[in-house]
Amino acid sequence: MLSVTCKAPVNIAIIKYWGKRHEELILPINDSISMTLGTNELCAKTTITASEKFQHNRMWLNDEELLFEEDSRLMRCLKGVQRLAHINGSQEASLSWKVHIASRNNFPTAAGLASSAAGYACLVYSLARLYGIPLTEELTTIARQGSGSACRSLFGGFVQWHRGVLDDGSDSVAEPVASAQHWPNMHVLILVVNDERKKTSSTKGMQRSVTTSQLIQHRVDKLVPERIANLKKAIKARDFQSFAEITMKDSNQFHAIALDTYPPCVYMNDVSHAIVNFVHTYNKTTGTVHAAYTFDAGPNACIYVLKENVAKLLAEIQKVFPHDSIDTVEYLRGLAVSPESNIEQNSDGATDNSIHTTAEHRKVNGMLNVQPKNLLKYIIHTKVGDGPCQLSDDNSLLINGLPLSH
Ligand code: DP6
């Protein structure tokens, strides 16, 4: 019996992948770039055990057993890594042995928090460790067939997924743009508006966009290539202003395409729009761009912000979106926020540039037409992080091939 346990990160797209040119191989119509998040705050953890005694391949996700169907994305990943292992002449685990897989996320599944990306990246990385094969670009083509965005979670830092041009998808690979250490003070606040399962999955939504949106082709041909080049320059130069502008514009454009889809895919809600408004007001009031929002296929906001500006931004978020949670540990999750040493206080205790009492703030609240309290369920503070890694055996989610809870 052989067993490995690994963890893999979530990634958040800065330039969004939206639309496929091949459904089964999961080949995208445009390049995308993402940032990998720290695994301490958000990650998938997977244990795979292979044994000659197992009768069938089995998989448990968050303790619930899934069907291991022949034609599933899961099976395609398993067969893909086994084929690579066979070519590499791997001896690590007999390729004919069946596998038992247990996987867990330390955050809500399918809530627009990129759980499928972390999950499939972890599956493919763990299989590669099991069969003793290295992390190569080719491995990213297998993770891609689990969930497109998963190929980007095989690396840390900033990652580009190339759409590729070949019909077999062999050039549709993920490649690191810069490591996490290149821009270590790049932090993220995830404002969780709703962590329930989303109504229209990304897979279905993007299918509908490709067949019905009249704007999507212009995005693919003209806008994304320019943005990819400019974003890579901004990342290399650690130019937050340009990074932020591209991030926000691409998020807005993705949701414009979603609305141009027929029937439309509506992922953002009123609270999401209030967050957009808040970020623009905040940036205007601070006189420079300190925060950049992006939204995936759900209402939750990811706000990029440099470490030195986190405390100040968070203080403003808590004023504009107050929460009366008595349990701050549950409400403010993830990295600790260092004291607001960099915020100057006025004689009345208000912070400089505070937008709390401005007309703009009232506008944000007015947009919602409700008492603006408890609109955010919780906030996760995290930062740019590294790629997947193998964990020691004490982290195993399987005992003798069965989940711990059995
Ligand atoms: C909006 O990778 O979840 O998050 O390939 O069909 O599994 P499938 O879709 P998925 O789509 C992610 C869409 C997005 C943008 C992004 O992550 O680039």
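Just above sits the structure.
Keep in mind that this is a model prediction, so the values were computed, not measured. (Residues numbered from 1 in each chain as written. Predicted model: local features only at pLDDT ≥ 70, side-chain atom pairs only at ≥ 80, totals over all residues. Heavy atoms only, no water.)

### Notes on the overall build of the chain
Argument step 1. When you go through the chain residue by residue, the secondary structure sums to 10 helices and 19 strands.
Argument step 2. Across the 406 residues in the chain, those meeting the buried criterion constitute 55%.
Argument step 3. A sequence separation of at least 24 residues applies to 78% of the contacts in the chain between residues at least 6 apart.
Argument step 4. For the chain, the accessible area works out to roughly 17,600 Å², and carbon and sulfur atoms hold 50% of it. (Helix = DSSP H or I, 4+ residues; strand = E, 2+ residues; numbered from the N terminus. Buried < 20%, exposed > 50% of the residue type's maximum accessible area, 1.4 Å probe, protein only. Contact = heavy atoms within 4.5 Å. Areas by Shrake-Rupley, 256 points an atom, 1.4 Å probe, with all protein chains shown as cover.)

### Considering the pairing of strand 9 (residues 98–105)
Argument step 1. Counting buried residues in strand 9 gives six out of eight residues, a clear majority hidden from the surface.
Argument step 2. Strand direction decides the pairing type here: strand 6 (residues 43–51) and strand 9, joined by eight bridges, are antiparallel. Within strand 9, the position partnered with Ile48 by the bridge is Ile101.
Argument step 3. Pairing between strand 7 (residues 58–61) and strand 9: four bridges, direction parallel. Bridge pairing links Arg58 to His100 in strand 9. (Pairing = 2+ DSSP bridges.)

### As for the sheet that holds strand 6
Argument step 1. Ordered by their spatial adjacency, six strands build an open sheet running 8-7-9-6-1-17, and the pairing between neighbours is mixed. Each edge of the open sheet carries a strand with a single partner, namely strand 8 (64–66) and strand 17 (389–391). Across this sheet, the average inter-strand angle for adjacent strands is 25°, counted without regard to direction.
Argument step 2. This element, helix 2 (residues 115–130), spans strand 1 (2–9), strand 6, strand 9 and strand 17 of the sheet and lies at about 145° to strand 1. (Axes fitted to C-alpha atoms, helices over the stretch in contact; angles between N-to-C directions.)

### Structural notes on the packing of helix 2 against helix 3 (residues 137–144)
In a packed pair of helices, the relevant descriptors are the angle between the two axes and the axis-to-axis distance.
Argument step 1. Here helix 2 crosses helix 3 at 135°, and the two axes come no closer than 9 Å. In terms of orientation, helix 2 lies oblique with respect to helix 3. Viewed along their axes, helix 2 and helix 3 form a crossing whose handedness is right-handed. Touching Tyr120, Val124 and Ala128 of helix 2 are Leu139, Ile142 and Ala143, all from helix 3.
Argument step 2. Across the contact of helix 2 with helix 3, the residue classes break down as six nonpolar, no polar and no charged. (Parallel < 35°, antiparallel > 145°, perpendicular 65-115°, else oblique. Left-handed = near helix turned anticlockwise from the far one by under 90°. Nonpolar A, V, L, I, M, F, W, Y, C, P; charged D, E, K, R; others polar.)

### Examining the nonpolar core
Argument step 1. Ranked by size, the top nonpolar core spans 98 residues in total, and within it Phe158, Met186, Leu189, Phe243, Ile275, Tyr304 and Leu376 carry the most contacts.
Argument step 2. A total of 10 residues in this core trace back to one element, the largest contributor, which is helix 2.
Argument step 3. Those residues in contact with Ile275, other than ones at most four positions away along the chain, are Leu191, Val193, Phe295, Ala301, Ile303, Phe321 and Leu376.
Argument step 4. In terms of nonpolar packing, the next biggest core, distinct from the first, is built from 18 residues, Tyr17, Trp18, Ile29 and Cys151 among them. (Core = buried A, V, L, I, M, F, W, Y, C linked by side-chain atoms within 4.5 Å.)

### A closer look at the side chain of Ser213
Argument step 1. Within the secondary structure, Ser213 sits in the loop between helix 4 (202–212) and helix 5 (216–236).
Argument step 2. One polar contact links the side chain of Ser213 to the main-chain amide nitrogen of Leu215, over a distance of 3.1 Å.
Argument step 3. When near neighbours in sequence (up to four residues on either side) are disregarded, Ser213 contacts Arg208, Ile257, Asp260 and Thr261. (Polar contact = N/O pair within 3.5 Å; in protein donor to acceptor, adjacent residues only side chain to side chain.)

### Describing the site of the ligand
Argument step 1. In the neighbourhood of the ligand, 18 residues make up the surrounding shell, with Tyr17, Lys20, Ser147, Ser149 and Thr203 lying closest.
Argument step 2. Considered on its own, the ligand offers 460 Å² of accessible surface; in the complex 94% of this is hidden by protein.
Argument step 3. Per element, the largest residue contribution to the shell around the ligand is three residues, and it comes from helix 4.
Argument step 4. In terms of residue class, the shell around the ligand is built from seven nonpolar, six polar and five charged. (Near = heavy atom within 4 Å.)

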